[in-house]
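What the coordinates show
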There are 2 protein chains.
Amino acid sequence: MATRDDILAAATRHLNVDPRASMAVLATAAGVGRATLHRHFASREDLLHELGTRSLDRWAASLDAADAAGAAASSDPERILACLRDLLARFLADSDDFGFALTDSYLTGADDLLARSDRLVEREVELYAAAQATGVLRADVPPRWLGHAVYGLLVAAREAVRDGDVPRRDLDTLVLSTFLTGAQSR
Amino acid sequence: MATRDDILAAATRHLNVDPRASMAVLATAAGVGRATLHRHFASREDLLHELGTRSLDRWAASLDAADAAGAAASSDPERILACLRDLLARFLADSDDFGFALTDSYLTGADDLLARSDRLVEREVELYAAAQATGVLRADVPPRWLGHAVYGLLVAAREAVRDGDVPRRDLDTLVLSTFLTGAQSR
DNA sequence: CTCATATGAGACATCATTGTCTCAAACGGA
DNA sequence: TCCGTTTGAGACAATGATGTCTCATATGAG
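Since this is a predicted model, take the numbers as computed values, not measurements.

Some words on the relation of the copies chain A and chain B
When chain A is fitted to chain B, the best match, at an RMSD of 0.0 Å, comes from turning it 180 degrees and sliding it 0.0 Å along the axis. What the rotation and shift describe, once combined, is the action of a two-fold rotation axis. Of the residues that chain A buries at the interface, 100% are likewise interface residues in chain B, meaning the two copies contact each other through the same surface.

Structure representation (structure tokens):
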């Protein structure tokens, strides 16, 4: 018997392949009748909204697990750098599951999700700002840009693995070093 | 009288705001009747395909204008670096217009566009490989990853300007320096 | 075993979009 | 001015997706 979570998991998996899959397709992907799918989620929007919420949950959980707030408040460069390291690896793991949410045009357009996303960005940016203040990250760019850069690299990482250009196991190191030190030879 | 190019321009502009706009909406945006729109483009797919083609044209034109092939063949580090600089600025200008094409799920899924896109990636990657061979870019990562990283930063740049976090005029410098030297303090 | 519950299959109406077609009006060059 | 061409508005059928509903069946707890 497929639980609500099973359905969400199957939908997530499938939407990563085809972000525009219909309810019928998603039902099949979950091994469930279309009627049953609608019993769990009144509308497609409901389903997407729930997935969006879960992806934001994961994002928030990663910020918590890495203790971004604690690191930001610590003013300890080494702790902040370690936190950034940890955070990036967690984000990469999150996008293994919710990668499609990075660019989905519904999710990035739903008002309440957007509002919550803004608050998470705020939390993340506090870490970047602290990193800048303690000399860990360069201070000559807006801290929000660093957030965007990380986001962009997550999109890039997803594509790179998808295209088979980078093995998944190399991603953490690759993304971290690209983010921190860039592509130039040293 | 709206020419075909006018319509394409209006559609491009509008799709950057709403990537899922219907033919009716796109017709209105172009100041043209829906029937007229269909006289120019038999189907929505035709329209999208044409836009995809044009965005690839721009991409190719930027590779040409920056003479990526010439720089790659030159084995001259300074020329290669200048070429990268030039290329990034051109890509940013291109995504001012065709930014939506970066993440649109139709465009990134059409077979012939995809094939042509692959060939352009190939050309671009030759430059990255040459940059690695001449010590301009780090050689400890797959050259294709550098292509993905640039792509990701373009997506990030688009969002950053869209969100008002970075003024457009700062983008060239910001993206270039982030790509080359990363976010770490030096 | 029995019964309450959950399920799958399918019928159904609805809706938005698409693509075609017609026609009257506007336009533009000769 | 006149006439051929292009246009916009709207009607139209077709399509695919959505959401609701029914009913027969399967399942699982007691």
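Let us keep going from here.
Examining the protein's contact with DNA strand C
Looking at DNA strand C, there are 16 residues lining it, with A:Thr36, B:Met23, B:Arg34, B:Ser43 and B:Arg44 nearest. The protein-proximal atoms of DNA strand C, defined as those within 4 Å of the protein, are 44% sugar or phosphate. Between DNA strand C and the protein, one listed contact pairs a base oxygen with a side-chain N or O atom of B:Arg34 at 2.7 Å. Breaking the surface near DNA strand C down by element, the ones donating at least two residues are helix 3 (34-40) of chain A together with helix 3 (34-40) of chain B. Of the residues that constitute the surface near DNA strand C, the class distribution is 5 nonpolar, 6 polar and 5 charged.

Focus: the protein's contact with DNA strand D
Neighbouring DNA strand D are 16 residues; A:Met23, A:Arg34, A:Ser43, A:Arg44 and B:Thr36 lie closest to it. The contact atoms of DNA strand D, taken as those within 4 Å of the protein, divide so that sugar and phosphate hold 44%. In this structure, a phosphate oxygen belonging to DNA strand D sits 2.9 Å away from a main-chain N or O atom of A:Met23. In this structure, A:Arg44 approaches DNA strand D through a main-chain N or O atom, which is 2.9 Å from a phosphate oxygen. Of all the secondary structure elements, the ones that give two or more residues to the surface near DNA strand D are helix 3 of chain A together with helix 3 of chain B. Residues that form the surface near DNA strand D fall into these classes: 5 nonpolar, 6 polar and 5 charged.

Quick word on the domain arrangement of chain A
Residue and element names in this part refer to chain A. What the domain assignment lists for chain A is domain 1 (1-42) and domain 2 (48-181). Placing the centre of domain 1 and that of domain 2 at their C-alpha centroids yields a distance of 27 Å. Taken residue by residue, the interface counts 9 residues in domain 1 and 11 residues in domain 2. A buried area of about 810 Å², summed over both sides, lies between domain 1 and domain 2, and 54% of it is on carbon and sulfur atoms. Inspection of the region where domain 1 meets domain 2 yields 2 salt bridges. Where domain 1 touches domain 2, the interface holds 5 residue pairs in polar contact (both at pLDDT 80 or more). Here the side of domain 1 that touches domain 2 is composed, by residue class, of 5 nonpolar, 2 polar and 2 charged.

Describing the pattern of salt bridges
A full pass over the atoms with the stated rule returns 28 salt bridges over all chains. For the salt bridge of B:Asp5 with B:Arg54, the shortest nitrogen-to-oxygen distance reads 3.1 Å. A residue pair is termed long-range when its members are at least 10 positions apart, and B:Asp5 in helix 1 (residues 4-17) and B:Arg54 in helix 4 (residues 44-65) qualify at 49 residues. Judged by relative accessible area, B:Arg54 falls into the partly exposed class, the value being 28%. A salt bridge links B:Asp140 to B:Arg138, with the nearest nitrogen and oxygen atoms 2.8 Å apart. Of the residues examined, B:Asp140 reaches a relative accessible area of 54% and is grouped as exposed. Residue class for B:Arg138 comes out buried when judged on its relative accessible area of 7%. Put simply, A:Arg4, A:Asp5, A:Glu50 and A:Arg54 are held in one network by salt bridges that share partners.

Side note on the nonpolar core
In a soluble, globular protein the nonpolar side chains are often hidden away together inside. One finds A:Leu137, A:Trp145, A:Phe179, B:Leu137, B:Trp145 and B:Phe179 to be the most contacted residues of the largest nonpolar core, which totals 134 residues. Discounting chain neighbours no more than four positions away, the residues touching A:Phe179 are A:Leu88, A:Tyr128, A:Leu137, A:Leu146, A:Ala149, A:Val150, A:Leu153, B:Gly182, B:Ala183 and B:Gln184.

Considering the interface of chain A and chain B
Taken together, the contacts link 40 residues of chain A with 40 residues of chain B. Here chain A meets chain B over a buried area of about 3500 Å², counting both sides, of which 60% is carbon and sulfur. Taken together, the connections running from chain A to chain B amount to 2 salt bridges. Two residues, A:Arg144 and B:Asp165, come together in a salt bridge whose shortest N-O distance is 3.9 Å. Sorting elements by how many residues they give to the side of chain A that touches chain B places helix 8 (residues 143-162) of chain A first, with 13 residues. For the side of chain A that touches chain B, the per-class residue count stands at 22 nonpolar, 11 polar and 7 charged.

Cut-offs and rules
- Residues numbered from 1 in each chain as written.
- Chains lettered and ligands numbered in written order.
- Predicted model: local features only at pLDDT ≥ 70, side-chain atom pairs only at ≥ 80, totals over all residues.
- Heavy atoms only, no water.
- Least-squares fit on C-alpha atoms with pLDDT ≥ 70 in both.
- Contact = heavy atoms within 4.5 Å.
- Near = heavy atom within 4 Å.
- Polar contact = N/O pair within 3.5 Å; in protein donor to acceptor, adjacent residues only side chain to side chain.
- Helix = DSSP H or I, 4+ residues; strand = E, 2+ residues; numbered from the N terminus.
- Nonpolar A, V, L, I, M, F, W, Y, C, P; charged D, E, K, R; others polar.
- Domains from an automatic or database assignment.
- Buried area = accessible area lost by both parts, 1.4 Å probe.
- Salt bridge = Lys/Arg side-chain N within 4 Å of Asp/Glu carboxyl O.
- Buried < 20%, exposed > 50% of the residue type's maximum accessible area, 1.4 Å probe, protein only.
- Core = buried A, V, L, I, M, F, W, Y, C linked by side-chain atoms within 4.5 Å.

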